[in-house]
Amino acid sequence: MNTPYQAMKSALTAMNDIILKTDIDFNIDLIQGAVMSLLGYDERQLLGKRLTDYVHQRDALQEYRALVLQDKRKESFFDADFVCSDGKALPMEFSLTPVYGNEEVVGFVGVGRNISERKRAEQALGQSEARYRLLFENNPSPMWVYDLLTHKFLLVNTAAVRHYGYTAVQFNEMKVE
């Protein structure tokens, strides 16, 4: 028979996410979902361990806790590299929110999601932008980019500066007529 607990665990595993609950010091009280498939750990291996021992961005967690305790922040979304059982870092996006007991913060609950694909796409986009910037900047023909509404120059390449004799700053003060 499939209990609601088992159904939730199956759903989390299928979504490839993890859900976790920690105490105020980020000691893991509960961790469920795609723990084995994402991180390579059995859930029991992480119980009682500090989340900060597995996340490279420990300062972000400490800062978040400090802001929560000062009542300056409730929820937080941040990217962090989680150290998997094989020693490799898995880029994850975490969403955390405080857990209250007797009107004080006693811990945190959150969701972790694998963002490897997003990070690869961001890196590829950055590399593509760098290549096109290099092509634009080093093109021997004068080139520029301007705002279609205001007709102000946004960017000019070195060849345009050389050819027309204006500096890049002077171009930025001009309009395309």
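All values derive from a computational prediction rather than experimental measurement.

Participant: Before we go on, may I ask you to explain the overall build of the protein in this structure?
Facilitator: If you tally the helices and strands in the protein, you get 7 helices and 7 strands. Mapped in sequence order, the helices and strands of the protein form the string α-β-β-α-α-α-β-β-β-α-β-β-α-α. The C-alpha atoms of the protein give 25 Å as radius of gyration, which overshoots the globular expectation for 177 residues (16 Å, by more than 25%). Across its three principal directions, the C-alpha atoms of the protein cover 75 × 35 × 30 Å. In the protein, 34% of the contacts between residues at least 6 apart in sequence involve partners at least 24 apart. Accessible surface, the protein as shown: approximately 11,300 Å² in total, 55% of it carbon and sulfur. Within the protein, the 24 negative side-chain charges are centred at a point lying 3 Å from the centre of the 20 positive side-chain charges.

Participant: How should the packing of aromatic side chains be read in this particular structure?
Facilitator: A ring pair, where both rings are aromatic, is described by two values, the distance of the centres and the angle of the planes. Under the criterion given, the structure shown has 10 aromatic pairs. Between the aromatic rings of Tyr41 and Tyr54, the centroid separation amounts to 5.5 Å while the plane-to-plane angle is 85 degrees, which identifies the pairing as edge-to-face. Here Tyr41, found in the loop between α2 (35-39) and α3 (43-46), pairs with Tyr54, found in the loop between α3 and α4 (58-69); they are 13 residues apart in sequence, far enough to count as distant. In terms of burial, Tyr41 and Tyr54 fall into one category: buried. Taking 6.0 Å as the distance between ring centres and 70 degrees as the angle between the ring planes, the aromatic pair formed by Trp144 and Tyr164 counts as edge-to-face.

Participant: Quick question: what am I supposed to make of unusual backbone geometry here?
Facilitator: The bulk of non-glycine residues show a negative phi, and the bulk of peptide bonds are trans. A positive phi angle, near 60 degrees, is found at Asp71, a position not held by glycine. Relative to the elements of secondary structure, Asp71 occurs in the loop between α4 and β3 (76-83). With relative accessibility at 54%, the residue Asp71 sits in the exposed group.

Participant: What's the story with helix α5 (residues 116-138) in this structure? I'm lost.
Facilitator: An α-helical segment advances 3.6 residues per turn. Residues three or four places apart therefore align on the same side. Taking 1.5 Å as the rise per residue, α5 with 23 residues should run 33 Å; its terminal C-alpha atoms sit 33 Å apart, in good agreement. Within the sequence span of α5, burial applies to Ser116, Ser128 and Phe136. The elements touched by buried residues of α5 are β4 (89-101), β5 (104-114), β6 (144-146) and β7 (153-156).

Participant: Can you help me understand the side chain of Gln32 in this one?
Facilitator: In this fold, Gln32 is placed in strand β2 (residues 28-33). Exposure remark for Gln32: the relative accessible area of 9% places this residue in the buried category. Within the structure, the side chain of Gln32 is placed 3.5 Å from the side chain of Glu43, a separation counted as a polar contact.

Participant: How do you make sense of the pattern of salt bridges when you look at a structure like this?
Facilitator: Where charged atoms from two side chains of opposite charge approach closely, those side chains can pair. By the definition in use, this model includes 11 salt bridges. Asp17 is the salt-bridge partner of Arg113, the closest N and O atoms lying 2.5 Å from each other. A residue pair is termed long-range when its members are at least 10 positions apart, and Arg113 in strand β5 and Asp17 in strand β1 (residues 17-23) qualify at 96 residues. On the basis of relative accessibility, which here comes to 1%, the residue Asp17 falls in the buried class. Salt-bridge contacts for Asp42 lead to Arg44; the nearest nitrogen and oxygen are separated by 2.9 Å. Judged by relative accessible area, Arg44 falls into the exposed class, the value being 66%. Bridged by salt links that share partners, the residues Asp79, Glu93, Arg118, Lys119 and Glu122 form one connected network.

Parameters and conventions
Sequence positions are assigned chain by chain, starting from 1 and proceeding in written order. Per-residue local features are limited, in this predicted model, to residues with pLDDT of at least 70; the limit for side-chain atom pairs, both in listing and counting, is 80 or more; totals at the level of whole chains, interfaces and linings are taken over all residues. Computation of side-chain values: all heavy atoms of the structure, hydrogens and water removed. In this text, helices come from DSSP runs of H or I with a minimum length of four residues, and strands from runs of E with a minimum of two, each type numbered from the N-terminal end. Note on method: radius of gyration uses C-alpha positions; expected globular size equals 2.2 Å times residues raised to 0.38. Pairs of residues are marked as contacts when any of their non-hydrogen atoms sit within 4.5 Å. Surface accessibility follows the Shrake-Rupley procedure with a 1.4 Å probe radius. Residue values consider only the protein chains on display as shielding. Positive charge is attributed to Lys and Arg, negative charge to Asp and Glu, and no charge count is given to His or to the chain ends. Charge placement uses NZ in Lys and CZ in Arg. For Asp and Glu, CG and CD serve respectively. Planes of paired rings set the category: under 30 degrees apart is stacked, over 60 is edge-to-face and the rest tilted, where pairs are Phe, Tyr or Trp rings (Trp by its six-membered ring) whose centres lie within 6.5 Å. Accessible area is worked out with a 1.4 Å probe on protein chains only. A residue is then buried under 20% of its type maximum, exposed over 50%, and partly exposed in between. One less than the number of residues in a helix, times 1.5 Å, gives the span that helix is expected to have. A 3.5 Å cut-off defines polar contacts: any pair of N or O atoms within that distance qualifies, except that in protein one atom must be a possible hydrogen donor and the other a possible acceptor, and neighbouring residues in sequence count only when both atoms are side-chain atoms. The term salt bridge refers to a side-chain nitrogen of Lys or Arg lying within 4 Å of a carboxyl oxygen of Asp or Glu.

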